[in-house]
Amino acid sequence: MSYPLQYPHNPPTSLSLPDHYTAPPPAHVASPLATATPPPAPLRPTHSHPSVDPYIPASPHTKRPPTNSQDEAIASPPKRVKLEDDPSSLPPPLQRLPTSLLYLTLAQSLHTAALSLLPNSSSAATSLFQRYLRAEVALLRKVLERSEGGKVELEARLRLLDVLDMCQGTDSEASRVASKGTSLSQSHPNLHPYYPHFLLTPTATTNPKFTRTTLKRALSSITPSTSSSATTYYTLSLYLSTISDFTSAINTLKDVERVAAQRGDASILWTTKILLAWRCISDSRPDVASPYISEIANRWWGSEAEAYHSRTFASPEEKKSAEVELAKLPKPEEIDVPRALKVMFIVVYCLFWADKGGVKRAKERLKEAHGLLDEKEVGEEEAKGVCEIRVGTEGDAVRLKLDPRSTLYSFAFLVSVAIHRDPFGKKPRALLFADEGLRLVNNKLSGLEALPSSLLPHQQTLHLTTLVRLKLHLHLLSTELHLMRSAFSLTSSHLNEAISTARTFGLFDEFASRIALDWGLFAVVKGDNEEAVSSFETVMQLEEPSSELYAIASLSKTLLGVSMGVPPSSLALPPSSTPSVNTDLPPNLSLLMDVTRALTADAITESKKHLSSALNTANEGARNHSKCLLLALLANVFLCTRNDQAQKMLSASLHIARGMSARVPSSDPDKKGEENVGNAKLGLWVGERLLEGYKKEAQGKTTKIQDQETLNEVHRRVVDKEKGELEKMSAEWK
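Residue numbers restart at each chain and count upward from 1, following the sequence in its written direction. Only residues with pLDDT of at least 70 get local features here, since the model is predicted, and only at 80 or more are side-chain atom pairs given and counted; chain-wide, interface and lining totals rely on the full set of residues. Remark: hydrogens and water are excluded; side-chain values derive from all non-hydrogen atoms of the structure.

Some remarks on the nonpolar core
Proteins that are soluble and globular tend to have nonpolar side chains buried together.
Point 1. We call a set of buried Ala, Val, Leu, Ile, Met, Phe, Trp, Tyr and Cys residues a nonpolar core when their side-chain atoms join them within 4.5 Å. Here the term buried applies to any residue with accessible area under 20% of the maximum for its type, exposed to any over 50%, and partly exposed to those in between, with areas from a 1.4 Å probe on protein chains only. Core analysis: the biggest nonpolar cluster contains 88 residues, and Y234, I293 and F345 have the highest contact counts within it.
Point 2. Where helices and strands are cited, they refer to DSSP runs of H or I of at least four residues and of E of at least two residues respectively, numbered from the N terminus. Counting residues per element, this core draws most heavily on helix 14 (residues 339–355), which supplies 13 residues.
Point 3. Working rule for contacts: check all heavy atoms of both residues, and any pair within 4.5 Å makes them a contact. Not counting residues up to four positions away in its chain, the partners in contact with F345 are I274, I293, I296, A297, W300 and W301.
Point 4. With 45 residues, the next largest nonpolar core counts A553, L559, L560 and V595 among its residues.

As structure tokens, this is what we get:
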């Protein structure tokens, strides 16, 4: 995940007219950054131009020309004001602005009128939007024709670059405007505050290599001794980190962290640490992110709270006692960063711990993220994704531009689905999150919910593409969850919708590996082993051998071969090793490797060791769908030696398998009891093993034997129904 940066500038705020135009330098240099998950959006500086009255008052001592009585009557003041009482109280006459400033003011009015049409995407609104922008461009060109340098011209050049980017102007004109503005801003010390803004114009950022060189040169000349210079330094450095490779970006952010610590800019310091953690997780470097995540978490929540969430309690009483002790501790000092950045860190924290298998800890903190997003008091800037980070005590601030709050809200549901990826229960939380996330995204894509008003027309395409990516991820995760719950019609529906959406929006190549993997897993369930092998091989062709998807596809192909009776010597097996070697692997991959080694091991002790390791991984990650299978496999090892232990494992496995049922109760006698059947094939196999064990110890087990026979018959009936349903589905797909 990466974050684009926005770089607004402050226009002149005061002008002494008519003889000389002056303005204080910009109070601060603004800058932003954004989420998420998709590639960074192209930079587009945005400007907050205050409207300027085209007339200014003249000196109160200016002599007014004589007027006739009719004019006096027309311009008469309110009744309470008596003109003859105090001539000095008369309103001063209005003096016309110079033409250049008048054009600049009119251009701002047109710009405001254009933005007021957003996010209306109708053809009439789009046409009017373009007309306003073309008129604004014409006025700004007039300013450049009449101006003779100075701040008014620089302001006009920055505005023109902004508008040319919005209305897709020519690159040649934008280059000329930016080049002259850069030179002019360096021609006098009073104009130098405008120089950094020209470094981050849309034209300047089209060539990342050139921009990096220019930014490094500019940063080398900045001494962050004052709040203003420090703000400029932070802004340019943060943007430089977004267009640099991982190593360079981390070094740049560490420089910002060092300067912020030296200056005592606490908000910038913690913001930079959050960005460091975000960049590391985005580039799949959790090892580098770990110290930053721990430092922020300990400061925010306290080291005692972190220790509590990492503990495993022997009993509910021990857990309750620990909670009471934790509640007595003083709350740590809160980190002074905007709410959106707090959500951003919680997402990083949850993804980090979920990847390490600490799903329980991730789930607890994820509740806090949803709580922050559900808060009603949201300002206009926060809704647009704009965050201000204070610098010093003089009112300067760095502006960070995240994705709009509505997008961040939808993204939180995707993260929740990925972390609560558990199919157990009548209404699993993962599916509730997935359904709500899809509802939010579909409302935006279908136009039922307006797009954020801060989006310009040429930004809406990128925003919609981001939403489509969210939709695809949600559909694919829903596919896998429904497959684990044996809800095959819903599995097919979500998978087909993912394929259709990816093709419609031109994202099929990007999601081809994920789609092919899910297609192969569904083919395994349908019994089409040839199609499954072909799908897994497709994933292996599309992915690099070092990728996680490649490893999962390869192991899935191997496990399918084991189930088909292929000799282990003919399979591509993972290297034999102790379970401790898997500690650096993602939990899912580690679990798959252990299962593969267990099923291909030569000795029972070796198989038991790997199955126990896999079961520990499943327990830590609350992976119930894996746990029920692993318990069944372990029970199979113990059946001949420890029947009592095997019975306990089989009973636990059957309980989990039945808990993954997507079926609803029915009054139909032919469906009686089917609502308690989850994974029918696994449930039937486990039930038959249990029945065998009960019959071995027949004394006192008559009732259990009868109940188990009835339950097995229900599972057998469901297996037959599923077979017919899947055969029909396979015929339709072909």
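What about the pattern of salt bridges?
Point 1. Within this document, salt bridges are pairs made up of a side-chain nitrogen of Lys or Arg and a carboxyl oxygen of Asp or Glu, the two lying within 4 Å of each other. The final tally for this structure, using the stated rule, is 28 salt bridges.
Point 2. The closest approach of N and O atoms between R285 and D287, which form a salt bridge, is 3.3 Å.
Point 3. Take R285: its relative accessible area is 32%, and that puts it in the partly exposed class.
Point 4. Judged by relative accessible area, D287 falls into the exposed class, the value being 51%.
Point 5. For R514, the salt bridge identified is with E480, shortest N-O distance 3.5 Å. You can see R514 sitting in helix 21 (residues 508–526) and its partner E480 sitting in helix 19 (residues 457–484), a full 34 residues away along the chain.
Point 6. Beyond isolated ion pairs, a larger network of salt bridges with shared partners links E688, R689, E692, E713 and R716.

Things to note about the environment of V718
Point 1. When you line up the elements, V718 lands in helix 29 (residues 702–733).
Point 2. For V718, a relative accessible area of 2% puts it in the buried group.
Point 3. Each C-alpha atom of the pair V718 and G678 lies 9.5 Å from the other, and the pair is 40 residues apart in sequence.
Point 4. Discounting chain neighbours no more than four positions away, the residues touching V718 are R663, E674, V677 and A680.

Regarding the packing of aromatic side chains
Point 1. Any two rings among Phe, Tyr and Trp, with Trp reduced to its six-membered ring, count as a pair given centres within 6.5 Å; such a pair is stacked if its planes are under 30 degrees apart, edge-to-face if over 60, and tilted if neither. Enumeration according to the criterion identifies eleven aromatic pairs in this entry.
Point 2. Taking 6.1 Å as the distance between ring centres and 55 degrees as the angle between the ring planes, the aromatic pair formed by F345 and Y349 counts as tilted. You can see F345 and its partner Y349 sitting in helix 14, four residues apart, about one turn around the helix. Take F345 and Y349: they sit in the same class, and that class is buried.
Point 3. Seen from their ring centres, Y409 and F413 are 5.3 Å apart, and the 70 degrees between their planes marks the pair as edge-to-face. Of this pair, Y409 and F413 both sit in helix 17 (residues 405–419), four residues apart, roughly one helical turn.
Point 4. Here F413 falls in the buried class, since its relative accessible area comes to 7%.
Point 5. Taken together, the ring pairs connect W300, W301, F345, Y349, F352 and W353 into an aromatic cluster.
Point 6. The criterion is that NZ of a Lys, or CZ of an Arg, lies within 6 Å of the ring centre and within 35 degrees of the ring normal, and then a charge sits over that ring. Taking NZ or CZ as reference, K526 lies 5.8 Å from the ring centre of W519, over its face.

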